[in-house]
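# A look at the structure
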Amino acid sequence: MGETGLSSSSFRERMVRTDLEGAGVRSRRVLDAFMSVPRELFVPSRTGLAAVYGNHPLPIGFGQTVSQPFIVAYMLELLSLPPGSRVLEIGTGSGYQTAILAAMGMEVVTVELIPELASRARRTIMEFMPDADIRFLISDGYRGWEPAAPYAGIIVSAAPLSIPSALEEQLDPKGGCLVLPAGGFIQKLVKITRAGEDLTMQESLTVRFVPLIASDDR
Ligand code: SAH
């Protein structure tokens, strides 16, 4: 129970109805996945449920944050992939979005630069959904993850200044789709769709993500 006496699932219902559906998210599969994943498992344990389910980012340590629920839902709706698709996620972080992808029935390959975050996310998810199809990797997301390419979808949770070419190259030539924030102080959410060697780019919301760290900066 939360400080108001409401349970985690009632907070989740409110979030799904108000912050996601209320803001235009329509995909049933996305909404159901948000309903099934307890966000409190992925943030520091003393965070009250009202804050856990607020429509804002939350700190997860190492200077990183778990994104606001609406943005995660919006990006997943932009990807619009059928269950069973192979998805590359760059920036595992808390593992919250990883769990949502798994709950949507995706085959997930997730890459994180900070080993402590990767292992904590792995532990949390394996306890809560032991049968999920997820590979956790510690690597530099700028390079994607070639061994499991091509991907039907690639989703990036931190912003590079420009679009990493390795990610475009690892998209499935038959309609693979990349969704990422790009830019410095002002970032745009970008969707890139690949058809053979052609890439189509579509810009959407202005967003504010942590930067995608160039691994030689660390
Ligand atoms: N999807 C995450 C969001 C985490 S914030 C969640 O739901 O919690 C972005 C994450 O990207 C951070 O964990 C950060 O460590 C990671 N990151 C930053 N630069 C990276 C890089 N070059 N390669 C892989 N991960 C990176």
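The structure we're discussing is the one just above.
Residues numbered from 1 in each chain as written. Predicted model: local features only at pLDDT ≥ 70, side-chain atom pairs only at ≥ 80, totals over all residues. Heavy atoms only, no water.

### Description of the overall build of the protein
Broken down by element type, the protein carries 7 helices and 9 strands. With the C-alpha coordinates of the protein rotated into their principal frame, the extents come out at 55 × 40 × 35 Å. By residue count, 51% of the 218 residues in the protein fall in the buried class. Within the protein, residue pairs in contact and separated by at least 24 positions form 56% of the contacts whose partners lie at least 6 positions apart. A total of about 10000 Å² of accessible surface is found on the protein, and carbon and sulfur atoms cover 53% of it. Across the protein, 20 positive and 24 negative side-chain charges occur, with their mean positions spaced 4 Å apart. (Helix = DSSP H or I, 4+ residues; strand = E, 2+ residues; numbered from the N terminus. Buried < 20%, exposed > 50% of the residue type's maximum accessible area, 1.4 Å probe, protein only. Contact = heavy atoms within 4.5 Å. Areas by Shrake-Rupley, 256 points an atom, 1.4 Å probe, with all protein chains shown as cover. Lys, Arg positive; Asp, Glu negative; His and termini not counted. Charge placed at Lys NZ, Arg CZ, Asp CG, Glu CD.)

### Some words on the pattern of salt bridges
Throughout the structure, instances matching the rule amount to 8 salt bridges. The residue E107 makes a salt bridge to R86 at a minimum N-O spacing of 2.8 Å. Highlighted residues: E107 in strand β4 (residues 107-112) and R86 in strand β3 (residues 86-90), separated in sequence by 21 residues. Relative accessible area serves as the criterion here: at 19%, E107 is assigned to the buried category. Linking R143 and D140 is a salt bridge whose minimum nitrogen-to-oxygen distance equals 4.0 Å. Through salt bridges with shared partners, a single ionic network connects E21, R28 and D32. (Salt bridge = Lys/Arg side-chain N within 4 Å of Asp/Glu carboxyl O.)

### Things to note about the site of the ligand
Inspection of the region around the ligand gives 21 residues, with S94, E112, D140, G141 and I213 positioned closest. For the ligand, a nitrogen atom lies 3.2 Å from a polar atom in the backbone of G91. For the ligand, a nitrogen atom lies 2.7 Å from a polar atom in the backbone of I213. Surface burial for the ligand is 100%, taken as the share of its 570 Å² of free accessible area covered by protein chains. (Near = heavy atom within 4 Å. Polar contact = N/O pair within 3.5 Å; in protein donor to acceptor, adjacent residues only side chain to side chain.)

### Focus: the sheet that holds strand β5 (residues 134-138)
Across the sheet, 7 strands lie side by side as β5-β4-β3-β6-β7-β8-β9; this open sheet has mixed pairing. A strand with exactly one partner marks an edge of an open sheet, and here the two such strands are β5 and β9 (198-207). Along the sheet, successive strands turn relative to each other by an average axial angle of 15 degrees, direction set aside. Each of β3, β6 (153-156), β7 (174-183), β8 (187-195) and β9 touches helix α4 (residues 69-79); the most contacted strand, β7, lies at about 150 degrees to it. Contacting β4 and β5, helix α6 (residues 115-128) runs over the sheet at an angle of about 165 degrees to β5. (Pairing = 2+ DSSP bridges. Axes fitted to C-alpha atoms, helices over the stretch in contact; angles between N-to-C directions.)

### Topic: helix α5 (residues 96-103)
Within α5, 7 of the 8 residues are buried, leaving the element largely enclosed by the surrounding structure. Turning to α5, its buried residues number three or more, namely Y96, Q97, T98, A99, I100, L101 and A102. Two residues or fewer after α5 comes G105, characterised by a positive phi angle close to 85 degrees.

### Here's the deal with the nonpolar core
One recurring pattern in soluble globular proteins: nonpolar side chains tend to sit buried together. Core analysis: the biggest nonpolar cluster contains 51 residues, and L20, F34, L76, L79, Y96 and I100 have the highest contact counts within it. Here this core takes 8 residues from α4, the largest share from any one element. Other than its neighbours up to four places away in sequence, F34 contacts R12, M15, V16, L20, P69, V72, A73, L76, Y96 and I100. (Core = buried A, V, L, I, M, F, W, Y, C linked by side-chain atoms within 4.5 Å.)

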